[in-house]
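Now for the letters of each chain:
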Amino acid sequence: MNFIDSFLGVFSSDLAIDLGTANTLVYVKGKGIVLSEPSVVAVRTDNRTKNRVLAVGLEAKNMLGRTPGNIVAIRPMRDGVIADFEVTEAMLRHFIHKVHNRRTFVRPRIIIAVPSGITQVEKRAVRESAESAGAREVFLIEEPMAAAIGADLPITEPTCNMVVDIGGGTTEVAVISLAGIVYSRSLRVAGDKMDEAIIQYVKRKYNLLIGERTAEIIKTSIGNAYPDPNKVETLEVKGRDLVTGIPKILAIDSEEIREAISEQIEAIVETVKIALEQTPPELAADIVDRGIVLTGGGALLKNLDKLLREESGLPITVTEDPLSTVALGSGKTLDSLEILKQVIII
Ligand SMILES: Nc1ncnc2c1ncn2[C@@H]1O[C@H](COP(=O)(O)OP(=O)(O)OP(=O)(O)O)[C@@H](O)[C@H]1O
């Protein structure tokens, strides 16, 4: 790279980050989404060395539940917010350096998507962790607003858009009109709680202990929100028998998994119904015409759109790439100062 390229690089270094409970995505201005990795960090916790980071992202996720005593694989974000400040900062620093090819002199301006229900203290934690990780300036955008922009909804028009974003830690339901959030509700029930419910179900019913990773695989492969009598799927699950202590394999079917996660699904449906009840009548009329946009990794749960359609009687659309919609929307605001000014939060 010549001097002019690297000089220009400094000025095109602005980033948008979807700092998610499950996944972190980074959008570089002018390039699009360049990084998508699990929000996991593996740390060595010797007494001599202070928490040394061993791996970040996919490499660290593969270590979850498989580490020896002195190494822990940590998910520093819980329920959509920072649970471990130091590790979140290390993770952000790693991702920022990675997308900038480790040019440490680059101090980007960063826009970060956060859940709509977060407190001032939580906002400050996000801001400070990005600043300590090398950001020159940090802007925050609410996840449902970013999702609406990412889904190409006409957010600046006086018409109503309803977005439901189901992530790892939070489900965000928001009603958007004239570039503002008219109503929002953030529920701390989403993909992670479904995984936990699967672990508990398998333990209770079969005395089999399975890990977080296995539970997620079960959910994404045979999990569903609405019965499909013609298509009951089965999966072989490996875990440890709690009675004998010996590893065991058993077959589990999609009906059982729907039952296991039913409480979480009900909570999500209920939150959507409450949002519909609370929406002012003129805007509710728009929702009848335009329907609800579903996004976030949870939108990929089989037949969730079908269930919501039945429960609400409204048209339901799933965005093109639900896992990237928030990052894409946050990134688009970098390209338009006009939109950026309207949607950033303090
Ligand atoms: N095919 C699928 N079926 C069901 N769930 C899925 C599927 N694919 C991914 N998920 C779930 O989606 C969640 C991750 O979604 P996403 O990346 O949008 O969340 P996030 O942005 O990291 O979380 P948050 O918004 O809560 O901070 C995980 O719980 C994951 O298990």
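Residues numbered from 1 in each chain as written. Predicted model: local features only at pLDDT ≥ 70, side-chain atom pairs only at ≥ 80, totals over all residues.

## A few points about the site of the ligand
Thought 1: The environment of the ligand is made up of 24 residues, and the closest members are Gly20, Ala22, Gly167, Gly191 and Gly297.
Thought 2: Counting residues per element, the ones that place at least two in the shell around the ligand are helix H6 (191–206) and helix H7 (212–222).
Thought 3: At three residues, H7 tops the list of elements feeding residues into the shell around the ligand. (Near = placed C-beta within 6 Å. Helix = DSSP H or I, 4+ residues; strand = E, 2+ residues; numbered from the N terminus.)

## Notes on the sheet that holds strand E5 (residues 52–56)
Thought 1: If you trace the three strands from one edge of the open sheet to the other, you get E5-E4-E6, paired in antiparallel fashion. The sheet is open, and its two borders are formed by E5 and strand E6 (71–74), each paired with just one other strand. Neighbour-to-neighbour, the strand axes of the sheet open up by a mean angle of 25 degrees, direction not taken into account.
Thought 2: Strand contacts of helix H3 (residues 85–99): strand E4 (41–44), E5 and E6, with the helix running at about 120 degrees to E4, the strand carrying the most contacts. (Pairing = 2+ DSSP bridges. Axes fitted to C-alpha atoms, helices over the stretch in contact; angles between N-to-C directions. Contact = placed C-beta atoms within 7 Å.)

## Some thoughts on the confidence of the model for the chain
Thought 1: Of all residues in the chain, 94% attain a pLDDT of 70 or more, and the chain-wide mean is 89.
Thought 2: Between residues 1–11, whose pLDDT stays under 50, and residues either more than four places distant or in other chains, the model counts three contacts.
Thought 3: Scored by ipTM, the complex comes to 0.99, with pTM at 0.91. (pLDDT = per-residue confidence, 0-100.)

## A short note on the pairing of E4
Thought 1: Note that E4 and E5 share four bridges and pair antiparallel. From the neighbouring strand, Arg44 faces E5, where its bridge partner is Arg52.
Thought 2: Direction of pairing for E4 relative to E6: antiparallel, over a ladder of four bridges. Residue pairing in the sheet places Val43 in a bridge with Val72 of E6.

## Let's talk about the packing of helix H5 (residues 143–150) against helix H12 (residues 325–335)
A pair of packed helices can be characterised by two numbers: the angle between their axes and the separation between those axes.
Thought 1: Contact pair H5 / H12: the axes reach a minimum separation of 7 Å and the direction vectors enclose 85 degrees. Relative to H12, H5 is oriented roughly perpendicular. Side by side, H5 and H12 meet where Glu143, Ala146, Ala147, Ala148, Ile149 and Gly150 of the first sit next to Thr325, Val326, Leu328, Gly329, Ser330, Lys332 and Thr333 of the second.
Thought 2: Residue composition of the contact of H5 with H12, grouped by class: six nonpolar, five polar and two charged. (Parallel < 35°, antiparallel > 145°, perpendicular 65-115°, else oblique. Nonpolar A, V, L, I, M, F, W, Y, C, P; charged D, E, K, R; others polar.)

## Focus: unusual backbone geometry
Thought 1: Phi is positive for Asp152, close to 65 degrees, though the residue is something other than glycine.
Thought 2: The exposure class assigned to Asp152 is partly exposed, which follows from the 14 C-beta atoms found within 10 Å.
Thought 3: In this structure, Asn303 takes a positive phi of about 65 degrees despite not being glycine.
Thought 4: For Asn303, a count of 18 C-beta atoms within 10 Å puts it in the partly exposed group. (Buried ≥ 20, exposed ≤ 12 C-beta atoms within 10 Å, placed from the backbone.)

## Looking at the sheet that holds strand E15 (residues 234–241)
Thought 1: Read across the sheet, three strands follow the order E14-E15-E16 without closing on themselves; strand pairing throughout is antiparallel. At either end of the open sheet lies a strand with only one pairing partner, and these are strand E14 (208–209) and strand E16 (247–253).
Thought 2: Strand direction decides the pairing type here: E15 and E16, joined by seven bridges, are antiparallel. When the sheet's bridge partners are listed, Glu236 is paired in E16 with Ala251.
Thought 3: Where H7 meets the sheet, it contacts E15 and E16, and its direction lies at approximately 170 degrees from that of E15.

## Remarks on the environment of Lys203
Thought 1: Residue position: Lys203 is located in helix H6.
Thought 2: Given 14 C-beta atoms within a 10 Å radius, Lys203 is considered partly exposed.
Thought 3: Considered as a pair, Lys203 and Ile155 are 48 residues apart in the sequence and their alpha carbons are 45 Å apart.
Thought 4: Setting aside residues no more than four positions away along its own chain, Lys203 makes contact with Leu208, Leu209 and Leu242.

## Description of helix H9 (residues 262–278)
Owing to its 3.6 residues per turn, the α-helix brings residues three or four apart onto one side.
Thought 1: In a regular helix each residue adds 1.5 Å, so 17 residues correspond to 24 Å; H9 covers 24 Å between its end C-alpha atoms and thus fits that length.
Thought 2: What H9 keeps buried is the set Gln264, Ile265, Ile268 and Val272. An end-on view of H9 places all buried positions within 105 degrees of arc, on one side of the element. The exposed residues of H9 that point more than 90 degrees off its buried face are Glu263 and Glu277. (Expected span 1.5 Å × (residues − 1). Arc of directions from axis to C-beta.)

## Looking at the domain arrangement of the chain
Thought 1: Taken as a whole, the chain is organised into domain 1 (3–39 + 75–145 + 326–345), domain 2 (152–189 + 263–322) and domain 3 (191–261).
Thought 2: Computed from C-alpha coordinates alone, the two centres of domain 1 and domain 2 are separated by 24 Å.
Thought 3: Taken together, the 17 residues of domain 1 in the interface contact 15 residues of domain 2.
Thought 4: Going through the elements one at a time, strand E7 (77–78), H5 and helix H13 (337–343) are the ones with two or more residues in the side of domain 1 that touches domain 2.
Thought 5: It is H5 that provides the largest number of residues to the side of domain 1 that touches domain 2, a total of three residues.
Thought 6: Grouping the constituent residues of the side of domain 1 that touches domain 2 by class yields seven nonpolar, six polar and four charged. (Domains from an automatic or database assignment.)

## Topic: the packing of H6 against H7
Thought 1: Where H6 meets H7, the closest approach of the two axes is 9 Å, and the angle between their N-to-C directions is 105 degrees. As judged from the angle between their axes, H6 and H7 are roughly perpendicular. Residue-level inspection shows Met194, Asp195, Ile198 and Ile199 of H6 in contact with H7, the latter providing Glu212, Ala215, Glu216, Ile218 and Lys219.
Thought 2: Of the residues belonging to the contact of H6 with H7, the class tally is five nonpolar, no polar and four charged.

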